[in-house]
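# Coordinates in review
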Amino acid sequence: VQLQASGGGSVQAGGSLRLSCAASGSIFSINGMAWYRQAPGKQRELVAGITGGGSTNYADSVKGRFIISRDNAKNTVYLQMNSLKPEDTAVYYCNIVEIVPRSGEIYSYVYWGQGTQVTVSS
């Protein structure tokens, strides 16, 4: 399974960007999908997640500004980022959890995208 993220770039504060992450390869079933970010000198943190059933959760710092969504037919997760702030500057990574039934057991596999840079200037 490979993840290809796109949509990053540079924007002024108050602007918007939309990130996309498409999964390809031999995929059985994707459960959770999420976006993480890592700013220089900081740990990677969860930005937003969406379950297979469509339930979402957000970091407090992005609630009301970011929207995560998914297109199951395209195995793609999106992150609409509005009202961007300089503190949103980071490398953004997509993440998926694939579930595979095998021999009566359920196995989970976690995959990461390559990261896309988002830079917000004041």
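To start, this report covers the structure provided alongside it. (Residues numbered from 1 in each chain as written. Predicted model: local features only at pLDDT ≥ 70, side-chain atom pairs only at ≥ 80, totals over all residues. Heavy atoms only, no water.)

In terms of regular secondary structure, the protein chain is built from 0 helices and 11 strands. The N-to-C order of helical and strand elements in the protein chain reads β-β-β-β-β-β-β-β-β-β-β. Scaling as 2.2 N^0.38, a compact globule of 122 residues should have a C-alpha radius of gyration of about 14 Å, and the protein chain matches this with 15 Å. By principal-axis analysis of the C-alpha atoms, the protein chain measures approximately 55 × 25 × 25 Å. Of all 122 residues assigned to the protein chain, the portion counted as buried reaches 38%. Counting contacts in the protein chain only where the partners sit at least 6 residues apart, residues at least 24 apart contribute 55% of the total. Summed over its atoms, the accessible surface of the protein chain is roughly 6500 Å², and 48% of this surface lies on carbon and sulfur atoms. (Helix = DSSP H or I, 4+ residues; strand = E, 2+ residues; numbered from the N terminus. Rg over C-alpha atoms; globule rule 2.2 N^0.38 Å. Buried < 20%, exposed > 50% of the residue type's maximum accessible area, 1.4 Å probe, protein only. Contact = heavy atoms within 4.5 Å. Areas by Shrake-Rupley, 256 points an atom, 1.4 Å probe, with all protein chains shown as cover.)

This brings us to the packing of aromatic side chains. Counted by the stated rule, this structure contains 1 aromatic pair. Geometry around Tyr93 places Arg44 over its ring, the cationic atom sitting 3.8 Å from the centre. Directly above the ring of Tyr107 sits Arg102, whose terminal nitrogen or CZ lies 5.1 Å from the centroid. (Phe/Tyr/Trp six-rings, centres within 6.5 Å; stacked < 30°, edge-to-face > 60°. Lys NZ or Arg CZ within 6 Å of the ring centre and 35° of its normal.)

This brings us to the sheet that holds strand E1 (residues 2–6). One open sheet holds the 4 strands; their spatial order is E1-E3-E8-E7, and the pairing between them is antiparallel. Two strands in the sheet have a free side with no partner beyond their single neighbour: E1 and strand E7 (66–71). Here the average twist between neighbouring strands, direction ignored, is 15°. Sheet topology note: the E7/strand E8 (residues 76–81) ladder contains 6 bridges and is antiparallel. Bridging from a neighbouring strand, Phe66 pairs with Met81 of E8. (Pairing = 2+ DSSP bridges. Axes fitted to C-alpha atoms, helices over the stretch in contact; angles between N-to-C directions.)

With that settled, the discussion passes to the nonpolar core. A general tendency of soluble globular proteins is for nonpolar side chains to be buried together. Among the nonpolar cores identified, the biggest contains 28 residues, and Trp35, Val47, Phe66, Val77, Leu79, Met81 and Tyr92 are the most heavily contacted of them. Elements with a contribution of two residues or more to this core: E1, strand E3 (17–24), strand E4 (30–38), strand E5 (45–50), E7, E8, strand E9 (90–102) and strand E11 (116–121). (Core = buried A, V, L, I, M, F, W, Y, C linked by side-chain atoms within 4.5 Å.)

Moving on to the state of the cysteines. According to the stated counting rule, one finds 1 disulfide in the structure shown. Two residues share a disulfide in this structure: Cys21 and Cys94, whose sulfurs sit 2.0 Å from each other. Here the disulfide of Cys21 and Cys94 is right-handed, its torsion about the S-S bond being about 55°. Here Cys21 is found in strand E3, whereas its partner Cys94 is found in strand E9, with 73 residues between them in sequence. For Cys94, a relative accessible area of 0% corresponds to the buried category. (Disulfide = S-S within 2.5 Å.)

Turning our eyes to something else, we now look at the environment of Ser55. Note that Ser55 resides in the loop between E5 and strand E6 (56–58). Residue Ser55 is classed as partly exposed on the basis of its relative accessible area, which comes to 46%. Sequence separation of Ser55 and Val118 is 63 residues, and the distance between their C-alpha atoms is 25 Å. In this view, Ser55 contacts Gly49 and Ile50; residues no more than four positions away in its chain are not counted.

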